[in-house]
Amino acid sequence: QVQLVESGGGLVQAGGSLRLSCAASGTIFSINAMGWYRQAPGKQRELVARITSGATTNYADSVKGRFTISRDNAKNAVYLQMNSLKVEDTAVYSCAAERVWVLGTSPSDYWGQGTQVTVSS
């Protein structure tokens, strides 16, 4: 069984920074891509940033230049450095792992439980 555990959320003032971390545990052979999604109250979940095993990244237009995603393949971990935070970044941020290969099973996608990020004005 694969579990994704996130950390690093919290309350910060506008203009501040936070760093989110997510680590996948289990007997993992490989992970194709990892990413961060967010969902604000009353809104649909949206992709924030995604990184492949080859370190190709893509970002939502709203966070380009402010957020940086990185990954440690050896630790099956993904990070999101968030700078110049805005009130509109307030949301529950969830980590996702795509096409996780566990020995003896077919590849599957997994989600973390989510961590709250609140940006105050």
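Above this text you will find the structure in question.
Cut-off values and rules
- Residues numbered from 1 in each chain as written.
- Predicted model: local features only at pLDDT ≥ 70, side-chain atom pairs only at ≥ 80, totals over all residues.
- Heavy atoms only, no water.
- Salt bridge = Lys/Arg side-chain N within 4 Å of Asp/Glu carboxyl O.
- Buried < 20%, exposed > 50% of the residue type's maximum accessible area, 1.4 Å probe, protein only.
- Helix = DSSP H or I, 4+ residues; strand = E, 2+ residues; numbered from the N terminus.
- Polar contact = N/O pair within 3.5 Å; in protein donor to acceptor, adjacent residues only side chain to side chain.
- Contact = heavy atoms within 4.5 Å.
- Disulfide = S-S within 2.5 Å.

K.L.:
Help me understand the pattern of salt bridges, please; the structure alone is not making it clear to me.
P.N.:
Between side chains of opposite charge, a pair can form as their charged atoms come close. Within the structure shown, the criterion is met by 5 salt bridges. In this structure, the salt-bridge partner of Lys64 is Asp61, at a minimum N-O distance of 3.1 Å. Under the relative-accessibility criterion, Asp61 is labelled exposed at 65%. Among the charged side chains, a network of salt bridges with common partners joins Arg38, Glu46, Arg66 and Asp89.

K.L.:
I keep staring at the side chain of Glu98 and nothing clicks. Help me out?
P.N.:
Mapping Glu98 onto the fold places it in strand S9 (residues 91-102). Looking at Glu98, its side chain comes within polar contact range of the side chain of Arg50, at 2.8 Å. Look past the residues within four positions of Glu98 in its chain and what remains in contact with it is Ile31, Asn32, Ala33, Tyr37, Arg50, Ser108 and Asp109.

K.L.:
Just to check I follow, could you spell out the state of the cysteines for this structure?
P.N.:
By definition, a disulfide links two cysteine residues through a covalent bond between their sulfur atoms. Within the structure shown, the criterion is met by 1 disulfide. Disulfide partner of Cys22: Cys95, at an S-S distance of 2.1 Å. Judged by the torsion about the S-S bond (-75 degrees), the Cys22/Cys95 disulfide is left-handed. Here Cys22, found in strand S3 (residues 18-25), pairs with Cys95, found in strand S9; they are 73 residues apart in sequence, far enough to count as distant. Across this residue pair, the class does not change: Cys22 and Cys95 are buried.

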